[in-house]
Amino acid sequence: MSIPRTIKEAAALIEKREASPVELTELFLERISSEDGKINSYITVWEESALEAARKAEKEISEGNYLGPLHGVPIALKDIFVTKDSRTTCGSKMLRDFVAPYNSTVAEKLIAGGSVVLGKNNMDEFAMGSSNETSYFGPVRNPWDTDRVPGGSSGGSAAATTANLCVASVGTDTGGSIRQPASLCGVVGMKPTYGRVSRYGMIAFASSLDQAGPLAKIVEDAAIILSSIAGHDPMDSTSVNLPAADYAGALSADIKGLRVGIPKEYFVSGMDPEVEKSVREAIAELETLGAEIVEISLPHSRYAVSTYYIIAPSEASSNLARYDGVRYTYRCEDAETLRDLFFRSRSEGFGDEVKRRIMLGTYALSTGYYDAYYLKAQQVRTLIIRDFDSAWEKVDVIASATSPETAFRIGEKTDDPLKMYLSDILTIPCNIAGLPGISIPCGFSSEKLPIGLQIMGKPFDEQTVLNVAYAYEQSTKWYEEEMPPLG
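Since we're looking at a predicted model, the values are computed, not measured.

Definitions and cut-offs
- Throughout, residues of each chain are indexed from 1 in the direction in which the sequence is written.
- Only residues with pLDDT of at least 70 get local features here, since the model is predicted, and only at 80 or more are side-chain atom pairs given and counted; chain-wide, interface and lining totals rely on the full set of residues.
- In computing side-chain values, all of the structure's heavy atoms are included and hydrogens and water are not.
- In this description, strands pair whenever DSSP reports at least two bridges between them.
- A run of H or I in DSSP counts as a helix once it spans at least four residues, and a run of E counts as a strand once it spans at least two, with each numbered from the N terminus.
- Helix axes use the C-alpha atoms of the stretch in contact, all axes being lines fitted to C-alpha atoms, and the angles between their N-to-C directions lie in the range 0 to 180 degrees.
- When describing relative orientation, an angle under 35 degrees is termed roughly parallel and one over 145 degrees roughly antiparallel, while 65 to 115 degrees is termed roughly perpendicular and anything else oblique.
- Should the near helix be turned counterclockwise from the far one by less than a right angle, the crossing is left-handed, whereas a clockwise turn marks it as right-handed.
- Should any heavy atoms of two residues lie within 4.5 Å, those residues are counted as being in contact.
- Polar here means any residue other than Ala, Val, Leu, Ile, Met, Phe, Trp, Tyr, Cys and Pro, which are nonpolar, and Asp, Glu, Lys and Arg, which are charged; Gly is therefore polar.
- In this analysis, rings of Phe, Tyr and Trp, with Trp reduced to its six-membered ring, are considered paired at centre separations within 6.5 Å, and the interplanar angle assigns stacked below 30 degrees, edge-to-face beyond 60, and tilted for intermediate values.
- Note on classification: 1.4 Å probe, protein chains only; a residue is buried when its accessible area is under 20% of the maximum for its type, exposed when over 50%, partly exposed between these limits.
- By definition here, charges over rings are those cases where NZ of Lys or CZ of Arg is within 6 Å of the ring centre and within 35 degrees of the ring normal.

1. Describing the sheet that holds strand S5 (residues 188–191)
Backbone hydrogen bonds are what pair the strands of a sheet, in a parallel or an antiparallel way.
Alright, step 1. Spatial ordering of the open sheet is given by S1-S3-S2-S4-S6-S5-S10-S11-S9-S7-S8, a layout of 11 strands whose pairing is mixed. At either margin of the open sheet sits one strand with a lone partner, and together these are strand S1 (42–45) and strand S8 (292–296). The sheet shows a mean angle of 30 degrees between the axes of neighbouring strands, direction not considered.
Alright, step 2. Across 3 bridges, S5 lies against strand S10 (residues 437–444) in antiparallel orientation.

Written out as structure tokens, the structure reads:
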């Protein structure tokens, strides 16, 4: 039996009794065992508990208690969602042995829906990175070319989904960490509106920016997962009190008359010509499908990267202060004083990129610099949000490239943090404004590397974003492209 590529395929096999949840789980576990060594997309594989969950799902389904399209389907979680009685590392030495006493809301909802969680995906340390090279557990490799990065920080989730090491995964997006790896790996990745999905039990990087979302091979699968994990959660004060919708059931490929905004600022200087060509062809396809193309301006987007790299590190500096070597984190050996314990535990437990961002954030929040940096960044954030608010008076969605380039080589940017930070230049504004955004495949470079199209929408209008992505996907079918064997 061949491995099902999508939730839709897996659910159909289970419903028709052509494959059981146990058989599917065994199939994926065997593939992880034989293939993941080539790309390093998992930190922890839950072989025993996955098979136990599969047997439970099989029994429930046989008794007529079918819970929906995720019931018995093998998926994975980014290792940023805490899970009861199993380790959650966040890709860091600091949390390499941390075992939570409870489940995150995202994990709880997926388990309640009958999903079989295969394990926890590799990621940039504390979600800080654009290439999945900062993980304590080693870099993740892009399945299309294992000499290249998969993007970050949800690179393990994107790579595992691409390489058929899970049917789909759930990642997080703080500045593009779902959409950018989705683009570089040739899958669908969606960041919902801030507040749409609970952050309870999701280890915090930047609390006003972080949001969980799906990575899958097709738009319909992303919609299925979003319906499963969305909804109000009283355990999260930023969770919006809106019910989850049946996004997959409401999918429509009819986008006639829909207004698609094209921000002139998003075709940035230095963009890979092949990326620009593919994205412009994708925009033309949307017009062919009946959409109205409208040129717009988002003038303050040029300040988005600068704004992000003040706000995000500032929030990280505060959030990561709890990791002190005293309670549940890495603790240095033979500390002589309490100060020595704090200093050495944090110095040894955090990687270079995390330390860099903590220092940036601490500086921006320090006395004498708070107004000059953090306060000013929040003011610019307001201007960026107002740009989008003005745009929504003219258009229904906004389209652009997801990443200005295709996957770069491992090690190519590790010595140049500023060059690395610019990888997210087109995705960061969406986080700053708290908007929903999706990346879908829209072509390949001459080197057979995936290119992504980004669709952004109005706050809490995930359905329109999904519909536009679905219409384009069904018209072009880039998702049918075969990935080469893992090298």
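Having put the structure on the table, let's press on.
2. Considering the packing of helix H2 (residues 21–35) against helix H3 (residues 47–62)
Alright, step 1. Close contact between H2 and H3 brings their axes to 8 Å; oriented N to C, the two are set at 160 degrees. Considering their axes alone, H2 and H3 lie roughly antiparallel with respect to each other. The way H2 lies across H3 gives a crossing that is right-handed. Of the residues in H3, those touching H2 at Pro-21, Val-22, Thr-25, Glu-26 and Leu-29 are Glu-47, Ala-50, Leu-51, Ala-54, Arg-55, Ala-57, Glu-58 and Ile-61.
Alright, step 2. Taken together, the residues of the contact of H2 with H3 break down into 8 nonpolar, 1 polar and 4 charged.

3. Digging into the packing of aromatic side chains
Alright, step 1. Counted by the stated rule, this structure contains 16 aromatic pairs.
Alright, step 2. Considering the side-chain rings of Trp-144 and Phe-444, the 5.0 Å spacing of their centres and the 55 degrees angle between planes classify their relative orientation as tilted. One end of the pair, Trp-144, is in the loop between strand S3 (116–121) and helix H5 (155–162); the other, Phe-444, is in strand S10, with 300 residues separating them in the sequence.
Alright, step 3. By relative accessible area, which is 17% here, Phe-444 ends up buried.
Alright, step 4. Residues Tyr-323 and Phe-350 carry aromatic rings whose centres are separated by 6.4 Å and whose planes lie at 80 degrees to one another, so their mutual orientation is edge-to-face. Of this pair, Tyr-323 sits in the loop between helix H9 (304–319) and helix H10 (338–349) while Phe-350 sits in the loop between H10 and helix H11 (352–365); the two residues are 27 residues apart in sequence, bridging distant segments of the chain. As far as burial versus exposure is concerned, Tyr-323 and Phe-350 are alike and both buried.
Alright, step 5. Linked through ring pairs, Phe-98, Phe-126, Tyr-323, Tyr-328 and Phe-350 together constitute an aromatic cluster.
Alright, step 6. Above the face of the Phe-267 ring, Arg-280 is positioned so that its terminal group lies 3.8 Å from the ring centre.
Alright, step 7. Across the ring face of Phe-408, the terminal group of Lys-413 is positioned such that the distance to the ring centre comes to 4.3 Å.

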